[in-house]
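Descriptive analysis of the structure
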Amino acid sequence: MQKDQNMSVPSTPTARIRHRRRSNEVPSEISKSNGSHLLVNDQNKYKSMWIRAYSSMWMIGGFIVIIYLGHLYIWAMVVVIQIVMATELFNLLRRAHEDKHLPGFRLLNWHFFFTAMLFVYGRILSQQLVNTMSTDKFFYKLVSGLIKYQMVICYFLYIAGFMWFILTLKKKMYKYQFGQYAWTHMILIVVFTQSSFIVGNIFEGIFWFLLPASLIVINDIAAYFFGFFFGKTPLIKLSPKKTWEGFIGASVATVISAFVLANILGHFQWLTCPRKDLSTSWLRCDPDPLFKPEHYPLPGWVPQWFPWKEISVLPVQWHALCLGLFASVIAPFGGFFASGFKRAFKIKDFGDSIPGHGGITDRMDCQMVMAVFAYIYHQSFVVPQSYSVEMILNQGNIKEPHIRGAAGSVYEAGADIPREAVRAFFEQHVL
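These numbers were taken from a predicted model, which means no experiment stands behind them.

**Structural notes on the overall build of the chain**
In terms of helices and strands, the chain carries 19 helices and eight strands. With 431 residues in all, the chain has 40% of them scored as buried. Counting contacts in the chain only where the partners sit at least 6 residues apart, residues at least 24 apart contribute 72% of the total. Summing over all exposed atoms, the chain offers an accessible surface of approximately 25900 Å²; the carbon and sulfur share of this is 65%.

As structure tokens, then:
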């Protein structure tokens, strides 16, 4: 009896405390295995596959509808995604007990978020906004003034938030408050700023948003199914269900899909035209040379019975191969980063808003990496370099108020000059 009494658990408050695991927290047995739970060995893989497929069909269907509606609706979708991602990440380090003693502290996080939104989108879409208001003199002056002082306005909004944070500091809560302050800024830099490049791609032409985003989706789906049926060799410990078979199979499928998909999308004019304002009208434009087909004759060793004697390729398809290669080899590391991040915080997913997928952040990890690359690639290798009149006059040391092009065209001060006109100008005055 004495032995039984000694082994009994004392009825103290500590003994009655139970750790309530969150719905997205990683069970301990899974966190220890780290590499042994491949999809081919998962007993519930077919159930999870159907849940994932059902959710994917709904997402793809909604995505197609928004793409059809046009640039503004796609931008609105991106803003909603950014807000949901910020909500998931803000909640990741939130502690209800501390927040009770800090009224308005959550509001401060959103103050910084919307200040960053005003700054980033004000810089990206300033020209589109001015072009939209150009027909009304009053609103044109108002918008022009706001754009001129936009940086000052955003700076003082940030300073107001900074002062707000300092004035709300409380004794014994400094560490939590400064941790939240740093966490908020990391969200703005790593998440919001990167995803804002998506909007830059949208207004350069839906093609430059849709193709990179589709390649990430294709790579994700292909990696899942190749790993589902053939996965045997673990790829990386941070993500135990990823396999070399899935990674390699998805890479090949993504590069091939990039070449084919670019040809399909490149034939739709409303996808390739850049949007110069914020209207919702249907776009029409002269096709860019990238979207005009080039014909290549087939070599002589092709059999005579082959129905085609030449193949038609859009120049943009060669650029698509670079995007496909990045989407299949580099962009998945965004997912690996997110996997390591979740393991550091002992959670399975960032949220549970999408059945079978987790949260919005779980679906956007690779998309953000891809969006930045697509924007930089487009600006560096696709957009033709333009020159200002002042730049050319100073370079050539010419005392003229304007520049004449090859066909008698005149470019006044403040205008951008095509490369051909620059070449003709230098041939005439410098060479």
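**Notes on the pattern of salt bridges**
Side-chain pairs of opposite charge can arise where the charged atoms are in close proximity. Throughout the structure, instances matching the rule amount to three salt bridges. D277 is the partner of R275 in a salt bridge, and the nearest nitrogen-oxygen pair spans 3.2 Å. On the basis of relative accessibility, which here comes to 4%, the residue R275 falls in the buried class. D362 is the salt-bridge partner of K342, the closest N and O atoms lying 2.8 Å from each other. Of the two residues, K342 is situated in helix α16 (residues 332–344) and D362 in helix α17 (residues 360–382); the sequence distance between them amounts to 20 residues. The class for K342 is buried, based on a relative accessible area of 11%. The buried category is assigned to D362, whose relative accessible area is 5%.

**Quick word on the nonpolar core**
A general trend in soluble globular proteins is that nonpolar side chains are found buried together. By size, the foremost hydrophobic cluster in this structure holds 73 residues, and its most contacted members are Y121, F209 and L211. Looking at which element gives the most residues to this core, the answer is helix α11 (residues 174–203), with 11 residues. Setting aside chain neighbours within four positions, we find Y121 in contact with W75, V78, V79, Q82, S126, F192, S196 and V199.

**Here we look at helix α13 (residues 244–265)**
The end-to-end C-alpha distance of α13 is 30 Å, a good match for the 32 Å that 22 residues give at a rise of 1.5 Å each. Three or more residues of α13 are buried, namely G246, F247, G249, A250, S251, T254, A258, L261, A262 and L265. Its buried side turned inward, α13 meets α12 (206–230), β1 (234–236), β2 (239–243), α14 (269–272), α15 (316–329) and α16.

**What to know about a nonpolar patch on the surface**
Together, L118, F138, F139, L142, L146, Y149, V152, I153, Y155, F156 and L157 line one region of the surface with nonpolar side chains, adding up to about 1100 Å² of accessible area. Residue assignment for the nonpolar patch shows that the elements contributing at least two residues are α9 (137–148) and α10 (150–167). It is α10 that provides the largest number of residues to the nonpolar patch, a total of five residues. Within the element layout of this structure, F139 appears in helix α9.

**Regarding the packing of α11 against α17**
Running from amino to carboxyl end, α11 crosses α17 at an angle of 55 degrees, the nearest separation of the two axes being 8 Å. Taken as axis vectors, α11 and α17 run oblique relative to one another. The chirality of how α11 crosses α17 is left-handed. Contacts between α11 and α17 pair V190, V191, Q194, S195, F197, I198, G200 and N201 from the former with M364, M368, V369, A371, V372, A374 and Y375 from the latter. A per-class count over the contact of α11 with α17 returns 11 nonpolar, four polar and no charged.

**Observations concerning the packing of aromatic side chains**
Any aromatic ring pair is given by two values, namely how distant the centres are and how the planes are angled relative to each other. Taken as a whole, this structure holds 36 aromatic pairs when the rule is applied. One aromatic cluster in this structure is built from F112, Y158, F165, F178 and Y181.

**What about the environment of T361?**
Here T361 lies in helix α17. Expressed as a C-alpha distance, the spacing of T361 and I81, which sit 280 residues apart in the sequence, is 8.5 Å. Setting aside anything within four residues of it in sequence, one finds T361 in contact with M85, E88, L89 and F350.

**Remarks on the side chain of Q367**
Position of Q367 among the secondary structure elements: in helix α17. Within the local environment of Q367, its side chain forms a polar contact with the backbone oxygen of A213, the two atoms lying 3.1 Å apart. Here Q367 is in contact with P212, A213, I216 and V217, once residues within four sequence places are set aside.

**Considerations on the packing of α12 against α15**
It is the contact of α12 with α15, at a shortest axis distance of 10 Å, that shows an interaxial angle of 40 degrees. With respect to each other, α12 and α15 are oriented oblique. Note that α12 runs across α15; the crossing there is right-handed. Taking contact as the criterion, the partners of F207, W208, L211, P212, L215, I216 and N219 in α12 are, on α15, V316, A320, L323, G324, A327 and S328. Residue composition of the contact of α12 with α15, by class: 10 nonpolar, three polar and no charged.

**Topic: the pairing of β2**
Inspection of the sheet shows β1 paired to β2 by two bridges, in the antiparallel sense. What sits directly across from I236, in β2, is S239.

Reading the values: the criteria
Residues numbered from 1 in each chain as written. Predicted model: local features only at pLDDT ≥ 70, side-chain atom pairs only at ≥ 80, totals over all residues. Heavy atoms only, no water. Helix = DSSP H or I, 4+ residues; strand = E, 2+ residues; numbered from the N terminus. Buried < 20%, exposed > 50% of the residue type's maximum accessible area, 1.4 Å probe, protein only. Contact = heavy atoms within 4.5 Å. Areas by Shrake-Rupley, 256 points an atom, 1.4 Å probe, with all protein chains shown as cover. Salt bridge = Lys/Arg side-chain N within 4 Å of Asp/Glu carboxyl O. Core = buried A, V, L, I, M, F, W, Y, C linked by side-chain atoms within 4.5 Å. Expected span 1.5 Å × (residues − 1). Patch = residues over 30% accessible without salt bridge, like charges linked within 9 Å, V, L, I, M, F, W, Y side chains within 5 Å. Axes fitted to C-alpha atoms, helices over the stretch in contact; angles between N-to-C directions. Parallel < 35°, antiparallel > 145°, perpendicular 65-115°, else oblique. Left-handed = near helix turned anticlockwise from the far one by under 90°. Nonpolar A, V, L, I, M, F, W, Y, C, P; charged D, E, K, R; others polar. Phe/Tyr/Trp six-rings, centres within 6.5 Å; stacked < 30°, edge-to-face > 60°. Polar contact = N/O pair within 3.5 Å; in protein donor to acceptor, adjacent residues only side chain to side chain. Pairing = 2+ DSSP bridges.

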